[in-house]
Amino acid sequence: KQEVTQIPAALSVPEGENLVLNCSFTDSAIYNLQWFRQDPGKGLTSLLLIQSSQREQTSGRLNASLDKSSGRSTLYIAASQPGDSATYLCAVTSGGYQKVTFGIGTKLQVIP
Amino acid sequence: DGGITQSPKYLFRKEGQNVTLSCEQNLNHDAMYWYRQDPGQGLRLIYYSQIVNDFQKGDIAEGYSVSREKKESFPLTVTSAQKNPTAFYLCASSWGTGDEQFFGPGTRLTVL
């Protein structure tokens, strides 16, 4: 059974700082890994999707990396802004039925 | 604008009532999903559909029912058999299972 863990559960940083969010998964036989952002009381917004054959994906100030062999992914946010404050979720697709398993998320607060 | 809509945003249910949550997408996606989100837990899959007139149970299907009569619509009924229905419900869609998922804004259901 795939399990996804995100550490830390919460993170507070001053504006302008570069930061890294971590995601680990127990079964390395994955199809892809997706990072989402969720604002309070809202749905999930897709940020980046990394296919199992890829090592990283970039979008603007975001860079996600994938190391399947160690069961880890990181989301790097450069030059953080108060508008980046949200919960960031990691989701892994794996298994014969391509099931998606979500982490609980990391709640990020960027302080002006 | 292409996207996924969910209605209503807030829903209140009395004990013993069935309620139906609406999910509509105009992305022409084949696959649609229903998730439940509770505080401190990752998203859990209730039902998913890979194609019109077909759907499969997820991890927590008991007390829920769905239909998929049209490609763009995937309504979820929360029946009186669901003992703890108070939660945030999220609908998602993708081109196929295992592909990037896109989410609606969610419906918050509260049992009175």
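What you see is a predicted model; the values in this text were computed from it and never measured.

Trainee: Explanation requested: the overall build of chain A in the structure shown.
Mentor: Each helix and strand counted, chain A has 0 helices and 11 strands in total. Helices and strands in chain A line up, N terminus first, as β-β-β-β-β-β-β-β-β-β-β. Against the compact-globule benchmark of 13 Å for 112 residues, chain A has a radius of gyration of 13 Å, which places it among compact chains. Principal-axis analysis of the C-alpha atoms gives chain A an extent of 45 × 30 × 20 Å. With 112 residues in all, chain A has 45% of them scored as buried. Contacts in chain A between residues far apart in sequence, at least 24 positions, make up 54% of those at least 6 positions apart. When the accessible surface of chain A is summed, it comes to about 5400 Å², and 50% of that surface belongs to carbon and sulfur atoms. Placing the 9 positive and 8 negative side-chain charges of chain A at their respective mean positions leaves the two points 6 Å apart.

Trainee: Before we go on, may I ask you to explain the state of the cysteines in this structure?
Mentor: Working definition: the covalent bond between the sulfur atoms of two cysteines is a disulfide. Residues and elements named next belong to chain B. Taken as a whole and assessed by the stated rule, the structure comprises 2 disulfides over all chains. For Cys23, the disulfide goes to Cys91, at an S-S distance of 1.8 Å. Disulfide Cys23-Cys91: the torsion about the S-S bond is -70°, which places it as left-handed. Of this pair, Cys23 sits in strand S3 (residues 19-25) while Cys91 sits in strand S9 (residues 87-94), and the two are 68 residues apart along the sequence. Judged on exposure class, the residue Cys23 and its partner Cys91 are both buried.

Trainee: Would you mind going over the pattern of salt bridges with me for this structure?
Mentor: Side chains carrying opposite charge are able to pair once their charged atoms draw close together. Under the criterion given, the structure shown has 6 salt bridges over all chains. Residues joined in a network through salt bridges with shared partners are Arg36, Asp38 and Arg44 of chain B.

Trainee: In this structure, what is going on with the packing of aromatic side chains? I would like to understand it.
Mentor: Geometrically, a pair of aromatic rings is defined through the distance of the ring centres and the angle of the planes. Scanning the entire structure with this criterion turns up 8 aromatic pairs over all chains. Where Tyr35 of chain B meets Phe103 of chain B, the ring centres are 5.7 Å apart and the plane angle is 35°; that geometry is what we call tilted. With Tyr35 of chain B in strand S4 (residues 31-37) and Phe103 of chain B in strand S10 (residues 102-103), this pair connects stretches of sequence that are 68 residues apart. Overall, the relative accessible area of 10% leaves Phe103 of chain B in the buried class. These aromatic residues form a ring-pair network of at least three members: Phe36 and Phe102 of chain A together with Tyr33, Tyr35 and Phe103 of chain B. Above the ring of Phe74 of chain B, the side-chain terminus of Arg68 of chain B is found at 6.0 Å from the ring centroid.

Procedures and definitions
- Residues numbered from 1 in each chain as written.
- Chains lettered and ligands numbered in written order.
- Predicted model: local features only at pLDDT ≥ 70, side-chain atom pairs only at ≥ 80, totals over all residues.
- Heavy atoms only, no water.
- Helix = DSSP H or I, 4+ residues; strand = E, 2+ residues; numbered from the N terminus.
- Rg over C-alpha atoms; globule rule 2.2 N^0.38 Å.
- Buried < 20%, exposed > 50% of the residue type's maximum accessible area, 1.4 Å probe, protein only.
- Contact = heavy atoms within 4.5 Å.
- Areas by Shrake-Rupley, 256 points an atom, 1.4 Å probe, with all protein chains shown as cover.
- Lys, Arg positive; Asp, Glu negative; His and termini not counted.
- Charge placed at Lys NZ, Arg CZ, Asp CG, Glu CD.
- Disulfide = S-S within 2.5 Å.
- Salt bridge = Lys/Arg side-chain N within 4 Å of Asp/Glu carboxyl O.
- Phe/Tyr/Trp six-rings, centres within 6.5 Å; stacked < 30°, edge-to-face > 60°.
- Lys NZ or Arg CZ within 6 Å of the ring centre and 35° of its normal.

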